[in-house]
Amino acid sequence: MLKFFRICLLSILVFCLVGCQIKPSNEGQNEANHKNKQEMSFKNKLLKNSLFFLVIGVDSRGEKNSRSDSIAVVQYNVEDRTLKVASILRDSYVKIKGYKYGYGKINQAYYLGGEKLLKDTIYRNLGIPIDHTVIIDFKGFVGIVDTIVPEGITVDVSQSLIDDMNLKMKPGKNNLHGEQLLKYVRFRHDQNNDFGRVQRQQEVLLKVVSAVKEKLNTFGGIARVPLLIDETTKYVSTDLKLEDILSLASIAFTQPIEKIDRLSIPVDTGYTNETVEHSGAVLKLDLTKNRQSIKQFFKAPSPVIKSKNNNGQKKLKNK
């Protein structure tokens, strides 16, 4: 019985890590039947591995509009209990609907039209139909990490990162906490640029999940779960409804996450480095190669085909 409760609590917490904060619902009681149908649809899609969650890390500094600093598409594969995380590099050069230049860096889409335009941009360029979004402000990243792993996380810190981020430590293995880890995952001024940064973000995610698992193997760790959930969810927001979260929890109870698979977009040989006047240095995508890799990774979004709109321009849609 104790093991069962540990599995349940771990599953809930992991889903909280990818953003399960409840927003108030405006639907009336007379729509209960409709909501039940939606809940069933959500659960069925989850069981069929067809739900895609967009996780957005936002660098908000008080301005009205902010750019997305990290972008990831997440899917839970129930069959093999694998959480799949596909990170999209923010310098990916894509077509953005309504943008005056036509093409721009993908994080520009969030700046121009928030999560709605970013979802549309991902779908039109990469063929991934996003179902739900989770937004995390990087100011909250520090609070989340320090709450879940107050003892810190050990990572390999390079001299170039130490110099660039003005860290007081020696190169090699170091134990970092919230503020230091934020600098670690945001660093990009070396030969790996954004690719290295995405790898570090995924590395920290894996280590946080691993730390949570270890904590839930102790009675003291289990006792802290309510506090951890309360503290971490205040830093994230999502469009998931209460019934959706309950569906996630019910699946997680019996089929908890056992491993995490990672993908970076663009994939190797799926881009070229270019410079454009209005965006600077960008990653020009080979859409065919990247869509193929995405399809194989997720098992998969509906096939993307080309058609023409009324202006004779090519557009993307799902079969």
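Note: the structure precedes this text.
Residues numbered from 1 in each chain as written. Predicted model: local features only at pLDDT ≥ 70, side-chain atom pairs only at ≥ 80, totals over all residues. Heavy atoms only, no water.

### Here's the deal with the overall build of the protein
Here is the rule we go by: Counting from the N terminus, the helices are DSSP H or I runs at least four residues long and the strands are E runs at least two residues long. Remark: exposure states derive from per-residue accessible area (1.4 Å probe, protein chains only) relative to the maximum for the residue type, with buried under 20%, exposed over 50%, and partly exposed in between. Every accessible area reported is derived by Shrake-Rupley at a probe size of 1.4 Å, with residue values counting cover from the shown protein chains alone.
A tally of regular secondary structure across the protein gives 11 helices and 14 strands. Looking at the protein as a whole, 49% of its 319 residues are labelled buried. Of the roughly 16,400 Å² of accessible surface on the protein, 51% is carried by carbon and sulfur atoms.

### A short note on the packing of helix α3 (residues 106-126) against helix α11 (residues 287-298)
So the rule is basically this: To get an axis, a line is fitted to the C-alpha atoms, and for a helix only the part in contact is used. The angle between two axes follows their N-to-C directions and goes from 0 to 180 degrees. Throughout this description, any angle smaller than 35 degrees is read as roughly parallel, any larger than 145 degrees as roughly antiparallel, any in the 65 to 115 degree range as roughly perpendicular, and the remainder as oblique. It only takes one pair of heavy atoms within 4.5 Å for two residues to be counted as in contact. Classification used: nonpolar for Ala, Val, Leu, Ile, Met, Phe, Trp, Tyr, Cys and Pro, charged for Asp, Glu, Lys and Arg, polar for all others including Gly.
Across the interface, α3 lies against α11 with an axial gap of 9 Å and an inter-helix angle of 105°. Here α3 is positioned roughly perpendicular relative to α11, judged by the angle of their axes. Of the residues in α11, those touching α3 at Arg124, Asn125 and Leu126 are Leu287, Asn290, Arg291 and Ile294. Each residue belonging to the contact of α3 with α11 can be placed in one class, and the counts come to three nonpolar, two polar and two charged.

### Concerning the sheet that holds strand β10 (residues 259-265)
Within a beta sheet, neighbouring strands are joined by backbone hydrogen bonds and run either parallel or antiparallel to one another. Selection rule: Two strands make a pair as long as DSSP finds a minimum of two bridges between them.
In spatial order, the strands read β9-β6-β1-β2-β3-β10; together these six strands make up an open sheet with mixed pairing. Edge strands, defined here as strands with exactly one partner in the open sheet, are β9 (236-238) and β10. The mean inter-strand angle of the sheet, taken between neighbouring strand axes irrespective of direction, is 20°. As paired elements, strand β1 (residues 53-58) and strand β2 (residues 68-77) share six bridges and run antiparallel to each other. Looking across to β2, one finds that Gly57 is bridged to Ser70.

### A short note on empty space enclosed by the protein
Our working rule: Residues are called lining when one of their atoms sits within 4 Å of a cavity or pocket point, these points coming from a 1 Å grid over the protein atoms alone, where a cavity is a set in which a 1.4 Å probe fits but cannot get out and a pocket is an open set with protein on both sides within 12 Å along at least five of seven lines. Grid points are joined across faces, edges and corners, and a volume is the space filled by probe spheres set on the points.
Counted under the stated rule, the structure contains two cavities of 30 Å³ or more. Its boundaries defined by the atoms lining it, the largest cavity holds a volume of some 620 Å³. Lining the largest cavity are 31 residues, and of these Val55, Ile136, Phe141, Gln201 and Leu205 lie nearest its centre. Secondary structure elements with two or more residues in the lining of the largest cavity: β1, β2, β3 (82-88), α4 (138-148) and α7 (193-215). Sorting elements by how many residues they give to the lining of the largest cavity places α7 first, with eight residues. A breakdown of the residues in the lining of the largest cavity according to their chemical character gives 22 nonpolar, five polar and four charged.

### Topic: unusual backbone geometry
The omega torsion of the bond from Ile265 to Pro266 falls at 10°, within 30 degrees of zero and hence cis. With respect to the element layout, Pro266 can be found in the loop between β10 and β11 (271-276). Here Asn166, not a glycine, exhibits a phi torsion of approximately 55°, which is positive. Among the secondary structure elements, Asn166 is positioned in the loop between α5 (159-165) and β8 (172-176). Unlike most non-glycine residues, Thr269 shows phi in positive territory, near 65°. Its place among the elements puts Thr269 in the loop between β10 and β11.

### Looking at the packing of aromatic side chains
Selection criterion: Pairing of aromatic rings covers Phe, Tyr and the six-membered ring of Trp, with a centre-to-centre limit of 6.5 Å; geometry is then stacked below 30 degrees between planes, edge-to-face above 60, and tilted otherwise. Remark: a charge is flagged as sitting over a ring if the NZ atom of Lys or the CZ atom of Arg is within 6 Å of the ring centre and within 35 degrees of the ring normal.
Overall, the coordinates contain four aromatic pairs when judged by the stated rule. Relative to Phe298, the ring of Phe297 has its centre 5.0 Å away and its plane inclined at 70°; by these criteria the two rings are edge-to-face. Phe298 matches Phe297 in its accessibility class, with the two residues each being buried. Taken together through their ring pairs, the aromatic side chains of Phe52, Phe297 and Phe298 make up a single cluster. The positively charged end of Lys84 is found above the aromatic ring belonging to Phe297, 4.8 Å away from the centroid.

### Some thoughts on the environment of Gly280
Position of Gly280 relative to the elements: it lies in strand β12 (residues 280-285). Each C-alpha atom of the pair Gly280 and Gly104 lies 9.6 Å from the other, and the pair is 176 residues apart in sequence. Not counting residues within four places of it along the chain, the set of residues in contact with Gly280 comprises Glu274 and Thr275.

### Topic: the pattern of salt bridges
Worth spelling out the cut-off: We count a salt bridge whenever a side-chain nitrogen from Lys or Arg sits within 4 Å of a carboxyl oxygen from Asp or Glu.
The tally for this structure, following the rule as stated, stands at four salt bridges. With a closest N to O distance of 3.4 Å, Asp261 and Lys84 form a salt bridge. Highlighted residues: Asp261 in strand β10 and Lys84 in strand β3, separated in sequence by 177 residues. Owing to a relative accessible area of 25%, Asp261 belongs among the partly exposed residues under this scheme. As a salt-bridge pair, Asp91 and Lys105 come within 3.3 Å of each other at their nearest N and O atoms.

### Considering the nonpolar core
Cut-off, in case you're wondering: Take the buried residues of types Ala, Val, Leu, Ile, Met, Phe, Trp, Tyr and Cys, join any two whose side-chain atoms come within 4.5 Å, and each joined set is a nonpolar core.
Among the nonpolar cores identified, the biggest contains 45 residues, and Phe141, Val157, Leu181, Tyr184 and Val204 are the most heavily contacted of them. Each residue touching Val157, except ones within four places of it in the same chain, is listed here: Ile162, Leu167, Met169, Pro171, Gly172, Asn174 and Leu176. In terms of nonpolar packing, the next biggest core, distinct from the first, is built from 28 residues, Ala86, Ile122, Phe297 and Phe298 among them.

### Digging into the pairing of β3
For a regular strand, side chains alternate in direction, first toward one face of the sheet and then toward the other. With seven of its seven residues buried, β3 lies for the most part within the structure. Going residue by residue along β3, you find Thr82, Lys84, Ala86 and Ile88 tucked away on one face and Leu83, Val85 and Ser87 tucked away on the opposite face as well. Strand direction decides the pairing type here: β2 and β3, joined by seven bridges, are antiparallel. If you follow Tyr76 over to β3, its bridge partner there is Leu83. The hairpin formed by β2 and β3 contains four residues between the paired strands, and Arg81 there has a positive phi angle of roughly 55°. As paired elements, β3 and β10 share seven bridges and run parallel to each other. When the bridges of β10 are listed, Thr82 appears paired with Lys259.

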